[in-house]
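# Structural description and commentary
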Amino acid sequence: MMDFSVGMSRNWDGFDAGEEVAIRTLEKLEGNPKFLLLFSTYHYLKNREFEKILEGVHTHVSPKVPLIGGSIAGFITREGCYTRGVSAMSSSYENMDVAVGIGRNTKLTPQKAGRDCAEQIKNELKYSKFKQKFFITIISAAEVPNLPLIGKKKVVNVFGINFFLKFFNEICALTQIGIGRDDTVFDSFSKELEGFIGIGGASCDNLSMEKNRQFFMNSVVSNSIVSIGVSCDKEIIVNTSFGLSPYGKKFKIDKLSGGGYVLEKINNQPAVEEYLNIMGWTRDVLDERLYRKVFYYPFVQENSKKLLQPKMLALVYGNKFVCAAKPIENKSAEIYISSGNSLLKSINDLFTSQKCNSAFLVSCGTRLETLGANAYLIKDLLDKKIKGDYLTIYVGGEYSKLNESERAFMYQSDNAILLP
Amino acid sequence: MPEETMLSVLEDLLREDDVLAVMLARKNEISVTPAPDKFKLKDPAIFTLLQSTMNEFFAVIEKFSEQGLDKVYFELGEYEVMFFLISGDTALVAVIPALANKGLLEVEMENSRRSIKKLIIGGKI
């Protein structure tokens, strides 16, 4: 039977955590691991602890075993909910071929990074005899720019910010800090991998969006896309759900700049003022705690395939918003909202089949921030829905490819690979 | 791994960058706290004030605990205080920056609360 084995560690020491997570993941496998997915919270970013985690893992796992992963905001396993620790997932299923890929400079040359990564997987699995193909991908998320004399602020309202925004796109690309461009990376990656379905997430920190790292084989990298591609003889199910409801407020996106990421005008008015008007909020709401209010109201646009894509207002620079994914110009957007109950329903909606042996889930980190201690309600639900091991990671943006035309980069979503 | 104690659970929680101070407060008893030199508060007077007023807090908390009171939050200037009730007369208390990602910290507060509950049931105080 094909299933996933999941392990975790809460050890503060990187090397010890790496060893423990490897031992606990491998001890449940019946054979040699075919791959290892490895995730860690931001706590291990200091003192090169991520590197030590990988060293610890590789004392028990052959360096030839395909390994990818990255930094995340938190995770849920059958053992509990955590926003500090290391987790891993593996499988030893025989009838499975696995390949890994990496694409670098995601913020400078996003299309090339996505394509490079996909090509490595495609070439490696070209001769695989197994028909079911899926991927799991991790892409470097956005990082809040460190502005001279201002620092890493999400809300900036100083003289000269408009001048900075004129060159925002170029500065972000050259410094590889700022917008993640993971929408472009994922589009290029998922388009190239014809015949694959899959999910992924944007590696992040504790949602401060200051730093993130990806893991590839025995290296810790940044500004990269890392992925595994799997072909196997078992059916898998890939699902996406949102648990969002319309808030009853709409606006039209009239003017974008900064490579399409800076929202200048909505309803033909300066974006920030008009947004506050629509929401009935005062400017006080727009402080460094943006995530406690604005992030709970994503705006949703339909893409050309009529797919809903929730998007976030990530930064407030003067009278403009910087969005984490490109909005669509000259098109209306609708504000949606989620609640604790709708987040539970969203997880429930992922399980279309009655039987699920194992699962890997990718959810929006804002959902974990919203739920707080109530994340255990999600765990209780997953414990009931899934017979064996599962791993849910909380990230800074989600990706899913349900079929060739339904490919999306989203926020405020839940995504799953289910093994029936 | 060394055996878990109330103090080790609190010290573990205090290692989180955004947990500035922490205690296990008990009505009419001395609270359990890590060594104050491990606290990261700019203004330690806030914690002293919290400690000295805990009994008055419990007088109010007890009245609501039968109604299902589980957590209490309040902002104190640049700080936020989180109370996670363990029983009517015991609470896990943490001081965090007002700008911290509270929800993510809550997940670890909940883990600490669960560990402390287990220790209380096992009689390992």
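Residues numbered from 1 in each chain as written. Chains lettered and ligands numbered in written order. Predicted model: local features only at pLDDT ≥ 70, side-chain atom pairs only at ≥ 80, totals over all residues. Heavy atoms only, no water.

## Structural notes on the overall build of chain B
- Check the secondary structure of chain B and you find three helices and four strands.
- Listing each helix as α and each strand as β along chain B from the N terminus yields α-β-α-β-β-β-α.
- Taken against the 2.2 N^0.38 rule, which gives 14 Å for 125 residues, the C-alpha radius of gyration of chain B at 14 Å falls within 12% of a compact globule.
- For chain B, the C-alpha atoms occupy an extent of roughly 40 × 35 × 25 Å along the three principal directions.
- Burial status across chain B gives 46% buried among its 125 residues.
- Once the 14 positive and 21 negative side-chain charges of chain B are each reduced to a mean point, those two points are 4 Å apart. (Helix = DSSP H or I, 4+ residues; strand = E, 2+ residues; numbered from the N terminus. Rg over C-alpha atoms; globule rule 2.2 N^0.38 Å. Buried < 20%, exposed > 50% of the residue type's maximum accessible area, 1.4 Å probe, protein only. Lys, Arg positive; Asp, Glu negative; His and termini not counted. Charge placed at Lys NZ, Arg CZ, Asp CG, Glu CD.)

## Points about the packing of helix H1 (residues 6–14) of chain B against helix H3 (residues 102–121) of chain B
All names here are of chain B.
- Where H1 contacts H3, the axes come no closer than 10 Å and their chain directions differ by 175°. Considering their axes alone, H1 and H3 lie roughly antiparallel with respect to each other. Within the contact between the two elements, H1 uses Met 6, Val 9, Leu 10 and Leu 13 and H3 uses Glu 108, Met 109, Ser 112, Ser 115, Ile 116, Leu 119 and Ile 120.
- In the contact of H1 with H3, the residues fall into eight nonpolar, two polar and one charged. (Axes fitted to C-alpha atoms, helices over the stretch in contact; angles between N-to-C directions. Parallel < 35°, antiparallel > 145°, perpendicular 65-115°, else oblique. Contact = heavy atoms within 4.5 Å. Nonpolar A, V, L, I, M, F, W, Y, C, P; charged D, E, K, R; others polar.)

## Quick notes on the environment of Glu49(A)
Residue and element names in this part refer to chain A.
- Mapped onto the fold, Glu 49 is located in helix H2 (residues 49–58).
- Overall, Glu 49 belongs to the buried group, its relative accessible area being 12%.
- For the pair Glu 49 and Gly 14, spaced 35 residues apart in sequence, the C-alpha separation works out to 4.8 Å.
- From its side chain, Glu 49 meets the backbone nitrogen of Gly 14 in a polar contact 2.6 Å long. (Polar contact = N/O pair within 3.5 Å; in protein donor to acceptor, adjacent residues only side chain to side chain.)

## Details of the sheet that holds strand E2 (residues 35–40) of chain A
Residue and element names in this part refer to chain A.
- Spatial ordering of the open sheet is given by E1-E6-E2-E3-E11-E12, a layout of six strands whose pairing is mixed. The strands lining the two open edges of the sheet, one partner per strand, are strand E1 (5–9) and strand E12 (219–221). Averaged over all adjacent pairs, the angle separating strand axes in this sheet is 20°, with direction ignored.
- When E2 meets strand E3 (residues 67–71), the two strands line up parallel, connected through five bridges. Residue pairing across strands places Ser 40 opposite Ser 71, the latter belonging to E3.
- The sheet strands contacting helix H1 (residues 14–26) are E1, E2 and strand E6 (86–91), and the helix crosses E1 at an angle near 155°.
- Sheet contacts for H2: E2, E3, E6, strand E11 (214–216) and E12; angle to E2, the most-contacted strand, approximately 150°. (Pairing = 2+ DSSP bridges.)

## Overview of the sheet that holds strand E4 (residues 90–97) of chain B
All names here are of chain B.
- Taken together, the four strands give an open sheet; going across it, the order is E1-E4-E3-E2, and neighbouring strands pair in antiparallel fashion. Only two strands of the sheet have a single partner each, and these edge strands are strand E1 (21–26) and strand E2 (71–76). Strand-to-strand, the axes of this sheet are offset by a mean angle of 20°, without reference to chain direction.
- Running at roughly 150° to E1, H1 makes contact with E1 and E4 of the sheet.
- Relative to the sheet, H3 contacts E1, E2, strand E3 (79–87) and E4, its axis offset from that of E3 by approximately 30°.

## Re the confidence of the model for chain B
Residue and element names in this part refer to chain B.
- On average, residues of chain B carry a pLDDT of 90, and 96% of them reach 70 or more.
- Mean pLDDT across the elements of chain B bottoms out in helix H2 (residues 45–65) (89) and peaks in H1 (96).
- Both scores are available for the predicted complex, with the pTM at 0.94 and the ipTM at 0.93. (pLDDT = per-residue confidence, 0-100.)

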